[in-house]
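# Understanding the architecture of this molecule
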Amino acid sequence: MSDRSVPQRDTYQVAYTSDATDFLSQRRATTHATFFLPYLRAGMRLLDCGCGPGSITADLAAIVHPGEVIGIDIDPAHINQAQQLITQRTVLNVHVELGDIMHLAFPDNSFDAVFIHGVVEYLADPTGAFREMYRVLRPGGVLGSRHGDWGGFLLAPDEPLIQGFFALFQQLLQHTGGDLHFGRNQVAALHQAGFSRIVASASYDCWTSTPEARQSVAAFLANYCTSSAFADPLIALNVTDRRSLEQMGAMFRRWGMDETAFAAEAWGEAIAWKG
């Protein structure tokens, strides 16, 4: 790990349970960075902003090998898990370290490519984050950005308790300064940050593609309902109570056993170049 000092975090306040981290670690470049892969080539130096547990980061390193990949995250637990994964996969051209997206600890014009996934929608200053990425990109460098958009979330059956959970999640995101529709709004933020050539797209992640996937995500969400990371701030805001959250968790467990259950998350994507 680098000994660079990490500035105080800006507004990113998402807390992760171990179940959530396990959920994130299932993501791969072929499932969550498909839109970006055609723009990568061997020998690129790449920065993964918000690398999480490192599963996508390691895949990107294999694609740009022998180029160097650096993954940063503000959560020490994620950095530790990413390092373990990199060691297990014997990926030699990737390094992970603590870092703050709002204050990147790299010189101007340092990278050929930057990747960011599911982070900027939680920030109060998304344009500022993109300006930092623009700064560290070399002229002609490419950014791949993929962020959620709650305006497109799909769910069946239309169970009130489960809908209530997602309403609370969105309320918490907004309370901490996030943008529920950043998937579509990121194009404007990219322009404001200085990017002029932008190609936008959109896609879905289906959480219920197999019975195993459905049951896994249901178990994760059931536990998340009553986790301190989710429950405590909402109870402090006086918008729910622990009993209601326990009922939501129980409903998720029943939903996970329902063969008709469906859930899919909408994402806005953008490829942007530094002029």
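Residues numbered from 1 in each chain as written. Predicted model: local features only at pLDDT ≥ 70, side-chain atom pairs only at ≥ 80, totals over all residues. Heavy atoms only, no water.

Moving on to the overall build of the protein. Counting its secondary structure elements, the protein contains ten helices and eight strands. Computed over the C-alpha atoms, the radius of gyration of the protein is 19 Å, within 12% of the 19 Å expected from 2.2 N^0.38 for a compact globule of 275 residues. Across its three principal directions, the C-alpha atoms of the protein cover 50 × 40 × 35 Å. Here the protein holds 275 residues, and 53% of them are scored as buried. In the protein, the share of contacts with a sequence separation of at least 24, taken over all contacts with a separation of at least 6, comes to 80%. Counting only carbon and sulfur atoms, one obtains 51% of the accessible surface of the protein, whose full area is about 12000 Å². Of the charged side chains in the protein, 19 are positive and 29 negative, and the gap between their average positions amounts to 4 Å. (Helix = DSSP H or I, 4+ residues; strand = E, 2+ residues; numbered from the N terminus. Rg over C-alpha atoms; globule rule 2.2 N^0.38 Å. Buried < 20%, exposed > 50% of the residue type's maximum accessible area, 1.4 Å probe, protein only. Contact = heavy atoms within 4.5 Å. Areas by Shrake-Rupley, 256 points an atom, 1.4 Å probe, with all protein chains shown as cover. Lys, Arg positive; Asp, Glu negative; His and termini not counted. Charge placed at Lys NZ, Arg CZ, Asp CG, Glu CD.)

Turning our attention to the pairing of strand 1 (residues 46-49). Of the two faces of strand 1, both are covered, the one formed by Leu 46 and Asp 48 as well as the one formed by Leu 47 and Cys 49. For strand 1 and strand 2 (residues 69-73), the ladder comprises four bridges, and the chain directions are parallel. Bridged to Leu 47 within strand 2 is Ile 70. Read as a crossover between parallel neighbours, the route from strand 1 over helix 3 (residues 55-64) to strand 2 is right-handed. With four bridges joining them, strand 1 and strand 4 (residues 111-117) adopt parallel strand pairing. Across the sheet, the residue bridging to Cys 49 is Ile 116, located in strand 4. (Pairing = 2+ DSSP bridges. Right-handed = clockwise from strand over helix to strand, strands pointing away.)

Before going further, it helps to spend a moment on helix 10 (residues 242-256). Under the 1.5 Å per step criterion, the end-to-end length of helix 10 is 21 Å for 15 residues, consistent within 8% with the ideal 21 Å. If you check which residues of helix 10 are buried, you get Leu 245, Met 248, Gly 249, Met 251, Phe 252, Trp 255 and Gly 256. The buried residues of helix 10 all sit within an arc of 160° when viewed along its axis, so they share a single face. Packing partners of the buried residues in helix 10 comprise strand 6 (154-156), helix 6 (160-175), helix 8 (211-225), helix 9 (228-236) and strand 8 (262-273). (Expected span 1.5 Å × (residues − 1). Arc of directions from axis to C-beta.)

Further remarks concern the side chain of Asp 205. Mapping Asp 205 onto the fold places it in strand 7 (residues 197-206). Judged by its relative accessible area of 9%, Asp 205 falls in the buried class. Within the structure, Asp 205 has its side chain in polar contact with the side chain of His 32 (distance 2.9 Å). Discounting residues that sit within four places of it in the chain, Asp 205 has contacts with Thr 31, His 32, Arg 146, Ala 263, Ala 264, Glu 265 and Trp 267. (Polar contact = N/O pair within 3.5 Å; in protein donor to acceptor, adjacent residues only side chain to side chain.)

Another point: the pairing of strand 2. When you tally the buried positions in strand 2, you get five out of five residues, the bulk of the element. Burial along strand 2 is two-sided: Val 69, Gly 71 and Asp 73 facing one way and Ile 70 and Ile 72 facing the other are all buried. Across five bridges, strand 2 lies against strand 3 (residues 94-98) in parallel orientation. Counterpart to Gly 71 in the pairing with strand 3 is Val 96. Note on the crossover from strand 2 through helix 4 (residues 76-89) to strand 3: the handedness is right-handed.

Time to look at the pattern of salt bridges. Using the criterion set out here, one finds ten salt bridges in the structure. Ionic pairing is found between Asp 59 and Arg 89, a salt bridge with its closest N-O pair at 2.8 Å. Remark: Arg 89 occurs in helix 4 and Asp 59 occurs in helix 3; sequence separation between them is 30 residues. By relative accessible area, Asp 59 is classed as buried at 12%. Note that Glu 132 is salt-bridged to Arg 135, the shortest N-O span being 2.8 Å. Placement of the pair is Glu 132 and Arg 135 together in helix 5 (residues 126-136), with a separation of three residues, close to one helical turn. On the accessibility criterion, Arg 135 (22% relative accessible area) is partly exposed. (Salt bridge = Lys/Arg side-chain N within 4 Å of Asp/Glu carboxyl O.)

The next thing to look at is a nonpolar patch on the surface. The grouping of Leu 154, Tyr 204 and Phe 262 at the surface amounts to a nonpolar patch, some 270 Å² of accessible area in total. Note on Leu 154: relative accessible area 36%, which makes it partly exposed. (Patch = residues over 30% accessible without salt bridge, like charges linked within 9 Å, V, L, I, M, F, W, Y side chains within 5 Å.)

Attention shifts here to the nonpolar core. Membership of the largest hydrophobic core comes to 31 residues, with the highest contact counts inside it found for Phe 165, Phe 166, Trp 207, Leu 221, Phe 230, Phe 252 and Trp 255. Elements with a minimum of two residues in this core: helix 6, helix 8, helix 9 and helix 10. Ignoring anything within four residues of it in the chain, the contact list for Trp 255 reads Leu 155, Ala 156, Pro 157, Ile 162, Thr 208, Arg 214, Val 217, Ala 218, Ala 261, Phe 262 and Ala 263. Among the nonpolar cores identified, the runner-up in size contains 27 residues, and Ile 70, Leu 123, Phe 130 and Met 133 belong to it. (Core = buried A, V, L, I, M, F, W, Y, C linked by side-chain atoms within 4.5 Å.)

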